[in-house]
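Residue-level listing of the chains:
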Amino acid sequence: MNAMNGSAGNGGASMKPSASPIIWGMPVVLFWGYVAVALYMTGDGIEVAFLSKYVTGIGFSARQAGLLFTVYGATAAVASWLSGVLAEVYGPRRIMAIGTLWWVACHVAFLSGGVMRHDFVLMLVFYGLRGFAYPLFFYAFFFWIVQRTPDHRLASAIGWVWSMFTIGYGIIASFLPSFTIPAIGFLPTLWMSLAWVVCGGLLAFFAIRDDAPAAIDRNKGRSLRHQLTEISRGLTLIAHNRDIALALLIRIICNLSLFGFPVVMPLFYTSAEGGFTMPQWLRIYGIFFVVQPFTNVMWGIVGDRIGWLRQMRWVGFVGCGIATLAFYYLPRAAPGNMAVAIVAALLFALTITSFVPMGAIFPMLAPEHKGAAVSVQNLGGGLANFAGPALATMLVSGYGTQGVVIAFAALYFLGAVLTGFIRLVQPRGAHAVDVASSAKAQAVREGMETTLASHTPAR
């Protein structure tokens, strides 16, 4: 593409704008956008580790609490599917602003109309609608990064945005409620998340001193309808490419516990059987995220040397199956023992981040359709966001937390078996992060960017 600047209001052609200077792998002109992502995702993630406990505490069942997460996962997957396209059509700054306003409106309605009135129907409606918001903000900024970063530095630029995501959604959002809940209570903590999201949204809208990439010229065949048609073509790979279909299945399995555990683990850990207080559980959950920036890098390096599929088979699926069981059975054997629980959390983090090469194997399985392959990979991430809570919700009523954990572990072991049927020739000298980043960039530019495993460490 030619490097040229454009204005979203002039209907210019969709060409890659001039790249920004890069410092430590980050586009300088987008620095405040990275900070905004950390702030916004802190607000979005504050309730994740305690919402199920709070909902059951005000009189609803564990199944109803799980249903909230399930609906949220479904709407977030749909929004993530469309967000890259919308950012290209209308411009990322505008889509990020819409994502902020949408989040604020739905969160206020969720708390005032649903939670405070104990009206589960309204809770379900507005929490589900809120799921559309964060992907609009996050993935529109992802598109902005792609447009402002030279191809040979893209892996570093993307690594920074995922670090900001983890810092906000995983670390701050997990540890902060462990201090605010004892001090001000559950409901004020939920209201507090508004301030984080608003600050992130305002920072992104006013502090980024950069003209957002131009909206596409709809008169040149790049209309929204055309973009959606291109996205749908990615799905045909599932039917025509056996290896892509199997990879999609293991992509869904790899993050089931990541999205399913927030439904059941707060209830177990804070029960008499688990023996922990809510602040203790939140700190355990926060430690799970603290180590991920380091283990993501480590497994990227190791996987490039020992083989992507081999690492995911033995450390990822077999390891996660064991870690999933340990995350439940170790605290059950030693109730209230923080050291034991932290060991279980660290084992869980160590194994689940070994799926880092997942983003690279899809474009390698369909090198002639890399953008479409990434769309399938990202679809799998969105389906995991839906399937994890859905499976936990279905099983918890009849089989309890133990049944959920055993089911997740069994699926992980099944995933290990399925990797043996995927025919992948790993290119020599290719690094998983670089392959995934360049393929995702191509997907964005072709209008096929979909769910990027928002809330997941498997990238």
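As recorded in an unreviewed UniProt entry, the chain goes by Cytochrome C biogenesis protein CcdA and comes from Komagataeibacter swingsii. What UniProt states about the chain under its Subcellular location (unreviewed entry) heading is, verbatim, "Cell membrane".

> Help me understand the packing of helix α14 (residues 308–333) against helix α15 (residues 338–352), please; the structure alone is not making it clear to me.
Following both chains from N to C, one finds α14 and α15 inclined at 165 degrees, their axes separated by 8 Å at the closest point. Relative to α15, the element α14 lies roughly antiparallel. In the crossing of α14 with α15, the sense of the turn from one axis to the other is left-handed. Facing α14, whose interface residues are Val315, Gly316, Gly319, Cys320, Ala323, Ala326, Phe327, Leu330 and Pro331, α15 presents Val340, Ala344, Ala345, Leu347, Phe348, Thr351 and Ile352.

> Explain the nonpolar core here, please?
Soluble globular proteins tend to pack their nonpolar side chains together in the buried interior. Grouped together as the largest cluster of nonpolar side chains are 132 residues, with contacts concentrated most on Phe141 and Met265. If you tally residues by element for this core, the top one is helix α17 (residues 370–419), at 15 residues. Residues from two domains meet in this core; each of domain 1 (26–210) and domain 2 (223–445) gives at least three.

> Hey, could you run me through the packing of aromatic side chains in this one?
Each aromatic ring pair is described using two quantities: the centre-to-centre distance and the angle formed by the ring planes. Counted under the stated rule, the structure contains 34 aromatic pairs. With a centroid separation of 5.0 Å and an interplanar angle of 70 degrees, the aromatic rings of Phe31 and Trp32 are classed as edge-to-face. With a centroid separation of 5.4 Å and 45 degrees between ring planes, the pair formed by Tyr269 and Phe327 is classed as tilted. On the criterion of sequence distance, the pair formed by Tyr269 in helix α11 (residues 256–269) and Phe327 in helix α14 is long-range, its members being 58 residues apart. The same class applies to Tyr269 and to Phe327, which are both buried. The ring of Phe179 is capped by Arg283, whose NZ or CZ atom sits 4.7 Å from the centre of that ring.

> Would you mind showing me how to read helix α5 (residues 120–130) here?
Structurally, the α-helix is built with 3.6 residues per turn, so residues lying three or four positions apart point the same way. Among the residues of α5, those classed as buried are Phe120, Met123, Tyr127, Gly128 and Arg130. The arc enclosing the buried residues of α5, seen along the axis, measures out at 150 degrees, which places them on a common side. Tucked into the core, α5 has its buried residues touching α1 (31–45), α2 (51–57), α3 (62–90), α4 (92–115) and α6 (133–148). Its side-chain oxygen at 3.2 Å from the backbone nitrogen of Val121, Asp119 defines the N-terminal cap of α5.

> Is there a simple way to explain the side chain of Thr75 in this structure?
In this structure, Thr75 sits in helix α3. Owing to a relative accessible area of 12%, Thr75 belongs among the buried residues under this scheme. At a separation of 2.6 Å, a polar atom in the side chain of Thr75 contacts the main-chain carbonyl oxygen of Gly128. When sequence neighbours within four positions are dropped, the list of residues in contact with Thr75 reads Gly128, Gly131 and Phe132.

> Got a minute to help me understand the layout of surface pockets in this structure?
To find leftover empty space, one rolls a probe the size of a water molecule over the atoms. Put simply, the largest pocket is a space of about 590 Å³. Along its surface, the largest pocket is lined by 24 residues, and Ala155, Gly159, Asn296, Val297 and Val433 are the ones closest to its centre. Residue assignment for the lining of the largest pocket shows that the elements contributing at least two residues are α7 (154–184), α13 (292–306) and α18 (432–445). Tallying contributions element by element places α7 first for the lining of the largest pocket, with 8 residues. Across the lining of the largest pocket, the residue classes tally to 12 nonpolar, 8 polar and 4 charged. Both domains that furnish three or more residues to the lining of the largest pocket are identified here as domain 1 (26–210) and domain 2 (223–445). There is about 150 Å³ of room inside the second largest pocket. Taken together, Ala97, Thr100, Leu101, Val104, Val198, Gly201, Leu202 and Phe205 form the lining of the second largest pocket. If you list the elements that add at least two residues to the lining of the second largest pocket, you get α4 and α8 (186–207). Of the residues in the lining of the second largest pocket, the class split is 6 nonpolar, 2 polar and no charged.

> Is there a simple way to think about the pattern of salt bridges in this case?
If charged atoms from side chains of opposite charge come close, those side chains can pair. According to the stated counting rule, one finds 6 salt bridges in the structure shown. Notably, a salt bridge pairs Glu47 with Arg130, separated by 2.7 Å at the nearest N-O pair. Linking Glu47 in the loop between α1 and α2 with Arg130 in helix α5, this pair joins segments that are 83 residues apart in sequence. One exposure class covers both Glu47 and Arg130, and it is buried. Salt-bridge contacts for Asp243 lead to Arg423; the nearest nitrogen and oxygen are separated by 3.2 Å. Taken together, the positions of Asp243 in helix α10 (residues 242–254) and Arg423 in the loop between α17 and α18 put the pair 180 residues apart, joining distant regions of the chain. Relative accessible area serves as the criterion here: at 7%, Asp243 is assigned to the buried category.

> Looking at this structure, I do not really get the environment of Ile352. What am I missing?
In this structure, Ile352 sits in helix α15. In this structure the C-alpha to C-alpha distance between Ile352 and Gly319, which are 33 residues apart in sequence, comes to 8.0 Å.

> I keep staring at empty space enclosed by the protein and nothing clicks. Help me out?
Evaluated as defined, the whole model comprises 3 cavities of 30 Å³ or more. As for the largest cavity, its lining consists of 15 residues, and the residues nearest its centre are Val48, Phe69, Tyr169, Phe259 and Asn385. Those elements that provide at least two residues to the lining of the largest cavity are α3, α11, α12 (278–290) and α17. By residue class, the composition of the lining of the largest cavity is 11 nonpolar, 3 polar and 1 charged. Shared between two domains, the lining of the largest cavity holds at least three residues of each, these being domain 1 (26–210) and domain 2 (223–445).

> Explain unusual backbone geometry to me, please; I cannot follow it from the model alone.
Backbone phi values are negative for most residues with the exception of glycine, while trans is the configuration of most peptide bonds. Despite not being glycine, His118 shows a phi value in the positive range, around 55 degrees. The topology assignment puts His118 in the loop between α4 and α5. Overall, the relative accessible area of 44% leaves His118 in the partly exposed class.

The rules behind the values
Residues numbered from 1 in each chain as written. Predicted model: local features only at pLDDT ≥ 70, side-chain atom pairs only at ≥ 80, totals over all residues. Heavy atoms only, no water. UniProt positions renumbered as here; feature names shortened; annotations may be inferred. Axes fitted to C-alpha atoms, helices over the stretch in contact; angles between N-to-C directions. Helix = DSSP H or I, 4+ residues; strand = E, 2+ residues; numbered from the N terminus. Parallel < 35°, antiparallel > 145°, perpendicular 65-115°, else oblique. Left-handed = near helix turned anticlockwise from the far one by under 90°. Contact = heavy atoms within 4.5 Å. Core = buried A, V, L, I, M, F, W, Y, C linked by side-chain atoms within 4.5 Å. Buried < 20%, exposed > 50% of the residue type's maximum accessible area, 1.4 Å probe, protein only. Domains from an automatic or database assignment. Phe/Tyr/Trp six-rings, centres within 6.5 Å; stacked < 30°, edge-to-face > 60°. Lys NZ or Arg CZ within 6 Å of the ring centre and 35° of its normal. Arc of directions from axis to C-beta. Polar contact = N/O pair within 3.5 Å; in protein donor to acceptor, adjacent residues only side chain to side chain. 1 Å grid on protein atoms, 1.4 Å probe; cavity = no way out; pocket = protein on both sides within 12 Å on 5 of 7 lines; lining within 4 Å. Points joined across faces, edges and corners; volume = space filled by probe spheres on them. Nonpolar A, V, L, I, M, F, W, Y, C, P; charged D, E, K, R; others polar. Salt bridge = Lys/Arg side-chain N within 4 Å of Asp/Glu carboxyl O.

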